[in-house]
Amino acid sequence: MAVFASGSYDPDSITKYSSITEQIPRRSIQDPETYQLIKDSKPVVITDTNLVTSASKWDLEYLNKNLGDGLFYVYTSNDNRFKYFDNKRAEKCKSFVTPSERHHVTFLQFLQMLKRCARTKEKVYLQQTLNDSVGTNIVTDFLQFNWDWVNKCQAAYGWGSLSSNLLLIGLEGNITPVHYDEQENFFAQISGHKRCLLFSPDQFDCLYPHPVAHPCDRQSQVNIANPDYKKFPRFRNAHATEAIVGPGDVLYIPMYWWHQIESLSSRIPPVTISVNFWYRGTPLPDVIQYPLSPQQRVSVMRNVEKMLAAALGDAEKVGELLRTMVEGRYT
Ligand SMILES: CCC[C@@H](CC(=O)O)C(=O)C(=O)O
Ligand SMILES: [Zn+2]
């Protein structure tokens with residue numbers, strides 16, 4: 001494997017997908033278009049926010065010294081895909097095979113797992129909400145994030161409160177497969193490069209999410225690297241927009257936008273480090289404007305699935321009822 005200069009990535013490590021059609025714009029915080037894109041709930045890479053500059057010194061050694069002796073959620077996967085699943089639902093769903101395994105370990109144990117991956121080809125992904133168990137140096141770095149800028153954005157767009165900052169430490173090749181979140185997200189890249197593929201919320205019908213009651217709610221059933229066009233024919237019509245983010249870049253992932261995030265390979269640094277900023281969405285407007293936005297349609301579909309599961313007393317019966325309601329009547 002070639003060694004790449006620090007801070008670069010191997011362009012050959014980028015899987016070619018047919019569904020990519022355009023690039024996500026890269027803009028400065030000085031550029032008014034940046035704020036128009038965010039206002040329009042459109043993705044944009046903001047290149048000079050200094051949002052997490054205080055974390056640019058975060059590497060495995062510094063984090064091991066300063067993250068404290070708390071426990072961290074670390075996922076292991078036999079392939080390189082880390083598809084999110086709801087642990088509680090997974091435990092209730094006997095037929096569900098977990099796509100990865102969740103471990104609760106110290107940072108030192110995480111480093112040992114990383115070392116083992118070099119031998120076993122297993123993949124590992126630390127995904128931990130930053131909490132008050134971290135050491136004082138990390139608290140200092142955290143307080144030195146550019147809160148002035150991000151708080152101004154939160155207020156300007158009427159977003160809800162910051163729900164969490166998730167620390168992500170991944171290996172080259174790690175993939176978080178296509179899914180959407182019900183939160184606004186400033187995704188800050190600290191170390192290494194990640195390739196981000198985004199699909200607009202109006203492509204819900206091309207991306208076939210699992211049922212809302214399923215452990216993989218919000219996750220697409222389509223593996224975009226090897227789509228099953230028999231089961232998911234409309235994926236042929238999907239079109240993605242792409243960005244490669246590097247240290248200092250902040251990608252705005254609007255709420256309900258589908259995204260797949262891939263850690264690109266480089267040798268220096270051996271891992272990718274990111275911190276996301278998840279904000280609760282804007283509260284519902286007093287007066288609903290019609291036609292509904294694609295995001296509002298997704299929210300309505302989610303509520304219908306939840307309501308029917310509750311009304312029937314069994315989420316497994318929702319599909320049959322919907323087919324009875326629609327087939328031959330609403331087609
Ligand atoms: C568990 C969250 C993973 C992250 C993507 C990634 O960096 O792998 C993401 O999907 C998000 O920030 O919304
Ligand atoms: Zn996400």
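Because the structure is predicted, anything quoted here is derived from the model rather than measured. (Residues numbered from 1 in each chain as written. Chains lettered and ligands numbered in written order. Predicted model: local features only at pLDDT ≥ 70, side-chain atom pairs only at ≥ 80, totals over all residues. Heavy atoms only, no water.)

Undergrad: Can you walk me through the sheet that holds strand β13 (residues 258-263) in this structure?
TA: Strand order in this open sheet of five strands is β1-β11-β10-β13-β8, and the pairing throughout is mixed. The open sheet is flanked by β1 (20-23) and β8 (175-179), the only strands paired with a single partner. Between one strand axis and the next, the sheet turns through 25° on average, direction left out of account. For strand β10 (residues 194-199) and strand β11 (residues 240-245), the ladder comprises five bridges, and the chain directions are antiparallel. Residue pairing for β11: K194 is matched across the bridge by V245. (Pairing = 2+ DSSP bridges. Helix = DSSP H or I, 4+ residues; strand = E, 2+ residues; numbered from the N terminus. Axes fitted to C-alpha atoms, helices over the stretch in contact; angles between N-to-C directions.)

Undergrad: Quick question: what am I supposed to make of the coordination of the zinc ion (ligand 2) here?
TA: Ideal values for angles at a metal depend on the geometry: 109.5 degrees with four tetrahedral donors, 90 or 180 degrees with six octahedral donors. Within the protein, the zinc ion (ligand 2) binds to H179 (NE2), D181 (OD) and H259 (NE2); these donor distances fall in the range 2.1 Å. In the primary sequence, the donor residues of the zinc ion (ligand 2) line up as H-x1-D-x77-H. Its relative accessible area of 8% is what places H179 among the buried residues. (Donors = N, O, S within 2.8 Å, 3.2 Å for Na, K, Ca; no water. Buried < 20%, exposed > 50% of the residue type's maximum accessible area, 1.4 Å probe, protein only.)

Undergrad: Would you explain the site of ligand 1 in this entry?
TA: Taken together, 14 residues lie around ligand 1, and Y125, T176, H179, D181 and K194 are the ones closest in. Taking K194, its side chain carries an N or O atom lying 2.8 Å from an oxygen atom of ligand 1. A distance of 3.0 Å separates an oxygen atom of ligand 1 from a polar atom in the side chain of N276. Contact with the protein chains hides 94% of the accessible area of ligand 1, taken as 360 Å² for the molecule alone. When contributions to the shell around ligand 1 are tallied by element, the ones reaching two or more residues are β6 (123-129), β7 (162-171), β8, β9 (184-191), β13 and β14 (271-279). (Near = heavy atom within 4 Å. Polar contact = N/O pair within 3.5 Å; in protein donor to acceptor, adjacent residues only side chain to side chain. Areas by Shrake-Rupley, 256 points an atom, 1.4 Å probe, with all protein chains shown as cover.)

Undergrad: Just checking my understanding: could you explain the sheet that holds strand β12 (residues 250-253) for this structure?
TA: The strands that make up a sheet are held in pairs by hydrogen bonds between backbone atoms, and each pair lies either parallel or antiparallel. The strand order across the open sheet formed by nine strands is β2-β3-β12-β9-β14-β7-β6-β4-β5, and the pairing between neighbours is mixed. Edge positions in the sheet fall to β2 (26-27) and β5 (101-105), since each of these pairs with one other strand and no more. Sheet analysis places β9 next to β14, joined by seven bridges and oriented antiparallel. Pairing of E184 across the sheet is with Y279, part of β14. Along the sheet, helix α1 (residues 32-39) contacts β2, β3 (44-46), β9 and β12; its crossing angle with β3, the most-contacted strand, is approximately 135°. (Contact = heavy atoms within 4.5 Å.)

Undergrad: Would you mind going over the environment of F277 with me for this structure?
TA: Mapping F277 onto the fold places it in strand β14. As a C-alpha pair, F277 and L167 span 110 residues in sequence and 9.6 Å in three-dimensional space. Apart from residues lying up to four places away in sequence, F277 is in contact with L51, V52, F145, W147, V150, L162, S164, N165, E184, N185, F186 and A188.

Undergrad: I'm lost on the environment of S95 in this one. Help?
TA: Position of S95 relative to the elements: it lies in the loop between α3 (87-92) and β5. We classify S95 as exposed; its relative accessible area is 65%. A sequence separation of 102 residues divides S95 from L197, and the C-alpha atoms of the two residues are 30 Å apart.

Undergrad: What should I look at first to understand the packing of aromatic side chains in this one?
TA: Here the distance between the centres and the angle between the planes together describe a pair of aromatic rings. Under the counting rule described, the total for this entry stands at 22 aromatic pairs. When the ring of F142 is compared with that of W147, the centres are 5.1 Å apart and the planes differ by 55°; the resulting orientation is tilted. Look at W159 and Y279: their rings are 5.4 Å apart centre to centre, the planes differ by 45°, and that puts the pair in the tilted class. On the criterion of sequence distance, the pair formed by W159 in the loop between α6 (147-156) and β7 and Y279 in strand β14 is long-range, its members being 120 residues apart. For Y279, a relative accessible area of 0% translates into the label buried. Members of the aromatic cluster, each reached through a chain of ring pairs, are W149, Y157, W159, F186, Y252 and Y279. The ring of Y229 is capped by R236, whose NZ or CZ atom sits 4.1 Å from the centre of that ring. (Phe/Tyr/Trp six-rings, centres within 6.5 Å; stacked < 30°, edge-to-face > 60°. Lys NZ or Arg CZ within 6 Å of the ring centre and 35° of its normal.)

The analysis is restricted to geometry; functional conclusions fall outside its scope.
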